[in-house]
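Observations on the model geometry
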Amino acid sequence: MIDFKRFDLPNIFGVVKSTEGLKSRQRRSLRAEIQEIAMAKYSDGQLEYVGDTAKGQDFKGVDGLSYESKGMDGMFCKTKPITKEITLMNFQGNNTGLPDKTFDYMLLWDTKTHTAGICSWDSCMKNATLKDDSVKIRVHFDDITFFAKNVTPIEKGDLSTKLFNLIEESI
């Protein structure tokens, strides 16, 4: 398995913090992509970002395993030992049932407390709920290996302002 001690977590969470201005519904997928590219960049070569080409996974690891990544403000509940509800798949109104296995492990990122953990596909499926338009999961803390808690992010500025300025300059 990959070695999280080699990850540059202050830089990863610095990028997470810099994308706070990209939380609107329209920009959420861009925010996730930027964060995932940063995770690969600061993984010390252990993760390759494939989220723009692979279905149901965001990274290929040097260990030969596939990884999905999910981030959310307050993902790890303070009063219960379980995550908030996470959307695993969104069917866009075309429910196709519970998914086939697409990743080996899921990386879980609490973007508010700058805390992160990892769990297996099977752990994700334990509490999977099929909804009309999606599959939602909750993962119990007993099934999560936490590898970062309360990381102090490196200041990287406001990426939404930088992005806006780039667009303005380019059009």
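Quick caveat: nothing in here was measured; it's all calculated off a predicted structure. (Residues numbered from 1 in each chain as written. Predicted model: local features only at pLDDT ≥ 70, side-chain atom pairs only at ≥ 80, totals over all residues. Heavy atoms only, no water.)

Attention shifts here to unusual backbone geometry. Here the phi dihedral of Asp 44 falls at roughly 60 degrees; this positive angle occurs in a residue that is not glycine. Mapping Asp 44 onto the fold places it in the loop between α2 (28-41) and β1 (47-49). For Asp 44, a relative accessible area of 44% translates into the label partly exposed. Although it is not a glycine, Asn 150 sits at a positive phi angle of roughly 50 degrees. Structurally, Asn 150 is set in the loop between β9 (145-148) and α4 (159-170). (Helix = DSSP H or I, 4+ residues; strand = E, 2+ residues; numbered from the N terminus. Buried < 20%, exposed > 50% of the residue type's maximum accessible area, 1.4 Å probe, protein only.)

Quick look at the packing of aromatic side chains now. Evaluated as defined, the whole model comprises 11 aromatic pairs. Between Phe 141 and Phe 146, the ring centres sit 5.5 Å apart and the planes meet at 85 degrees, which makes this aromatic pair edge-to-face. Site record: aromatic cluster; members linked through ring pairs are Phe 4, Phe 7, Phe 13, Trp 109 and Phe 147. Sitting over the face of the ring of Phe 146, Lys 149 holds its NZ or CZ atom 4.9 Å from the ring centroid. (Phe/Tyr/Trp six-rings, centres within 6.5 Å; stacked < 30°, edge-to-face > 60°. Lys NZ or Arg CZ within 6 Å of the ring centre and 35° of its normal.)

It is the contact of helix α1 (residues 9-18) with α2, at a shortest axis distance of 9 Å, that shows an interaxial angle of 165 degrees. In terms of axis orientation, α1 runs roughly antiparallel to α2. By crossing handedness, the relation of α1 to α2 is classed as right-handed. Within the contact between the two elements, α1 uses Ile 12, Val 15 and Val 16 and α2 uses Arg 31, Ile 34, Gln 35, Ala 38 and Met 39. Tallied by class, the residues present in the contact of α1 with α2 amount to six nonpolar, one polar and one charged. (Axes fitted to C-alpha atoms, helices over the stretch in contact; angles between N-to-C directions. Parallel < 35°, antiparallel > 145°, perpendicular 65-115°, else oblique. Left-handed = near helix turned anticlockwise from the far one by under 90°. Contact = heavy atoms within 4.5 Å. Nonpolar A, V, L, I, M, F, W, Y, C, P; charged D, E, K, R; others polar.)

The values reported here are purely geometric and, on their own, carry no functional implication.
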